[in-house]
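Architecture and fold: a report
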Amino acid sequence: MKGRYGEFGGKYVSELLLPVLDQLDRAFSMARRDSQFNSLLNMYLKKYAGRPTPLYLAERLGKKLGLRIYLKREDLLHTGAHKINNTLGQGLLAKYMGKKRVIAETGAGQHGVATATAAALLGLECDIFMGEKDGERQKLNVYRMKLLGAKVKLVSAGSKTLKDAINEALRDYATNHRDTHHLLGSALGPYPFPKIVKHFQSVIGKEAKRQIIKEEGRLPDFLVACVGGGSNAIGLFAPFLSKKVKLIGVEAAGRGLKTKKHAARISGDGKVGILHGTRTYVLQDRYGQIRETHSISAGLDYPAIGPEHSNLYTRQKAAYVAVTDKAAMKGFHLLCRTEGIIPALEPAHAIGYLPKLARHNPGSLVIVNLSGRGDKDVEQIARAEGVL
Ligand SMILES: *Cc1c(COP(=O)(O)O)cnc(C)c1O
């Protein structure tokens, strides 16, 4: 059924928003077939963001673990992560629809900065909703967004974090949709957002497929990617979904699955529910209240997972595993020392899973999505390790 991924997905939003989402779906269908739209997007991806990103054979890391590992280097993109693929795509889509303002929510600030970047580039007004508590914790990202010309609107409702910021952004969208596009940051939310974000992130998988065939003459045995909302993972997986490649999504096990301080929706104890307009696996208590989540990495710290991942899991097309804060930190240090690459804490979870993968599948050919670089996390890590 349209707008569904098996029993997941859909659009559980107020009636005010339904026609807006339909209009968005129609505009997106036109844009993705429009050669002018596509060549403009490709120009920005190439000349501004730095695509294609390399597929790099991590020989020392591979030797250490007994795998043949390629890293998809999204960390080398402008602004330091894959998020720019989606914000450039949706920024251009906003202009294609004749809108002059974009809004977005942000937790740690990464999606806010990527949105403000695209808005500055494309000459769009930009308002970013951020929980007051998050804004306090991430003052430098608030400043970055302001440098880029965005207004940051601090949200004092609820827990004053990401989920409250999302609610505010959805409210603003319902009121101002005539001139405003809601630039959603992951493969989440009501349909057609999961489809749109997947489309703009699929460039990762399309390049990787071409590159691995050129390097190795065959498809990989495994793809490994960390899963917050699920956009970098679905972007890598997309062109491989019909192939005999094993897909592994890595969720944050935080302090351990038994502690309840984690963000493992599928691999932990999430249940099917509805959050922010979509039906999917959600971390909730037995009364259906959304649970507090925990991860050392802000990008993986969200109580719901993109609906297509829930469906891939149910259909056994992809496997989802959980990696603790501690194992992610080990992965972080391992990549620093073996390859001279400081990863973001999110993809450090994907690296942290590799020793286990190697134990059961030695010698496999693996592509890991290195979704972002670690500059943003170095200070936090130094503090956690008592260096600062
Ligand atoms: C935001 C972020 C993620 C998590 O988002 P997804 O939508 O799951 O990809 C992962 N890695 C990095 C570097 C991020 O900034």
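Calculation criteria
- Position labels on residues start from 1 in each chain and follow its written sequence.
- Per-residue local features are limited, in this predicted model, to residues with pLDDT of at least 70; the limit for side-chain atom pairs, both in listing and counting, is 80 or more; totals at the level of whole chains, interfaces and linings are taken over all residues.
- Hydrogens and water molecules were not included; the side-chain quantities draw on all heavy atoms of the structure.
- Strands are labelled as partners when DSSP assigns at least two bridges between them.
- Strands here are runs of E lasting at least two residues and helices are runs of H or I lasting at least four, both read from the DSSP assignment and numbered beginning at the N terminus.
- Angular values range over 0 to 180 degrees, each being the angle between N-to-C directions of two axes fitted as lines to C-alpha atoms, with helices fitted over their stretch in contact.
- Contacts between residues were defined by any pair of non-hydrogen atoms, one from each residue, lying within 4.5 Å.
- Think of it this way: one heavy atom of a residue within 4 Å of a molecule or strand is enough to make that residue near it.
- N or O atoms within 3.5 Å of each other form a polar contact, as long as, within protein, one can give a hydrogen and the other can take it, and as long as residues adjacent in sequence are counted only when both atoms are side-chain atoms.
- Only the protein chains shown count as cover for residues, with accessible areas throughout obtained via the Shrake-Rupley method and a probe of 1.4 Å.
- Amino acids are sorted into nonpolar (Ala, Val, Leu, Ile, Met, Phe, Trp, Tyr, Cys and Pro), charged (Asp, Glu, Lys and Arg) and polar (every other residue, Gly among them).
- Patch criteria: residues need more than 30% relative accessible area and no salt bridge. Like-charged residues are merged within 9 Å; nonpolar side chains of Val, Leu, Ile, Met, Phe, Trp and Tyr are merged within 5 Å.
- Put simply, a salt bridge is a Lys or Arg side-chain nitrogen that is within 4 Å of an Asp or Glu carboxyl oxygen.
- Burial status follows relative accessibility: with a 1.4 Å probe on protein chains alone, a residue under 20% of its type maximum counts as buried, one over 50% as exposed, and anything between as partly exposed.
- Throughout this description, the term nonpolar core refers to a set of buried Ala, Val, Leu, Ile, Met, Phe, Trp, Tyr and Cys residues connected via side-chain atoms within 4.5 Å.

**Notes on the sheet that holds strand β8 (residues 180-182)**
Strands sit in the order β7-β6-β5-β8 across an open sheet of 4 strands; the sheet is parallel. Here the strands that pair on one side only, and so sit at the sheet edges, are β7 (151-155) and β8. Across this sheet, the average inter-strand angle for adjacent strands is 25°, counted without regard to direction. One ladder, built from 3 bridges, connects strand β5 (residues 101-106) with β8; its direction is parallel. Along β8, the bridge assignment pairs Val 102 with His 181. Most of the contacts of helix α8 (residues 162-176) go to β5, to which it runs at about 160°, and overall it touches β5, β6 (125-131), β7 and β8.

**A look at the sheet that holds strand β14 (residues 365-370)**
The strand order β3-β4-β14-β9-β10-β13 describes an open sheet built from 6 strands, whose pairing is mixed. Each of the sheet's edge strands pairs with one partner strand only, and the pair in question is β3 (55-57) and β13 (318-324). For this sheet, the mean inter-axis angle between neighbouring strands, taken without regard to orientation, is 25°. Contacts from helix α13 (residues 345-360) reach β4 (68-73), β9 (222-226), β10 (246-254), β13 and β14 within the one sheet, and its direction differs from that of β9 by about 140°.

**Overview of the site of the ligand**
Contacts to the ligand come from 16 residues, most closely from Lys 83, Ser 186, Gly 228, Ser 231 and Ser 371. Contacts to the ligand include His 82, whose side-chain N or O atom sits 2.9 Å from an oxygen atom. In this structure, an oxygen atom belonging to the ligand sits 2.6 Å away from a side-chain N or O atom of Ser 186. For the ligand, whose free accessible area comes to 380 Å², the fraction covered by protein is 96%. The class makeup of the residues in the shell around the ligand is 4 nonpolar, 10 polar and 2 charged.

**Brief notes about a nonpolar patch on the surface**
There is a patch of nonpolar side chains on the surface, built from Leu 140, Tyr 143, Leu 147 and Leu 148 and spanning about 420 Å² of accessible area. Relative to the elements of secondary structure, Leu 140 occurs in helix α7 (residues 139-147). Exposure remark for Leu 140: the relative accessible area of 55% places this residue in the exposed category.

**Re the environment of His 309**
Considering the arrangement of structural elements, one finds His 309 in helix α11 (residues 307-314). Residue His 309 is classed as buried on the basis of its relative accessible area of 1%. Sequence separation between His 309 and Tyr 320 is 11 residues, and the spatial gap between their C-alpha atoms is 8.8 Å. Contacts of His 309, omitting those with residues within four sequence positions, involve Val 227, Gly 229, Gly 230, Ala 233, Ile 234, Phe 237, Ile 266 and Tyr 320.

**Examining the pattern of salt bridges**
Taken as a whole and assessed by the stated rule, the structure comprises 25 salt bridges. The residue Arg 68 makes a salt bridge to Glu 216 at a minimum N-O spacing of 2.7 Å. Placement of Arg 68 in strand β4 and of Glu 216 in helix α9 (residues 193-216) is noted, with a sequence separation of 148 residues between them. Accessibility expressed as a relative area gives 24% for Glu 216, which makes it partly exposed. The partner of Lys 198 in a salt bridge is Glu 308, and the shortest N-O contact between them spans 3.0 Å. Here the residue Lys 198 occupies a position in helix α9, and Glu 308 occupies one in helix α11, the gap between them amounting to 110 residues. In terms of burial, Lys 198 and Glu 308 fall into one category: buried. Salt bridges here are not isolated pairs; linked through shared partners, they connect Arg 101, Asp 127, Lys 151, Lys 153 and Asp 172.

**Considering the nonpolar core**
Grouped together as the largest cluster of nonpolar side chains are 53 residues, with contacts concentrated most on Leu 88, Leu 93, Met 145 and Tyr 173. Beyond its immediate chain neighbours, meaning those up to four positions away, Met 145 contacts Thr 106, Gly 109, Gly 112, Val 113, Ala 116, Ile 128, Met 130, Ala 150 and Val 152. Of all hydrophobic cores here, the second largest spans 27 residues; its members include Leu 55, Leu 223, Leu 236 and Val 245.

**Brief notes about unusual backbone geometry**
For the bond running from Arg 51 to Pro 52, omega is -5°, close enough to zero to count as cis. Within the secondary structure layout, Pro 52 lies in the loop between α2 (35-49) and β3. The amide bond that connects Tyr 191 to the next residue, Pro 192, takes the cis arrangement and shows omega of 10°. With respect to the helices, strands and loops of the structure, Pro 192 is situated in the loop between β8 and α9. Non-glycine residue His 276 carries a positive phi angle of around 45°. Checked against the element boundaries, His 276 lands in the loop between β11 (271-275) and β12 (278-282). Given a relative accessible area of 11%, His 276 falls into the buried group. Positioned with a positive phi, Gln 316 is a non-glycine residue whose angle comes to about 60°. The topology assignment puts Gln 316 in the loop between α11 and β13. For Gln 316, a relative accessible area of 75% gives the class exposed.

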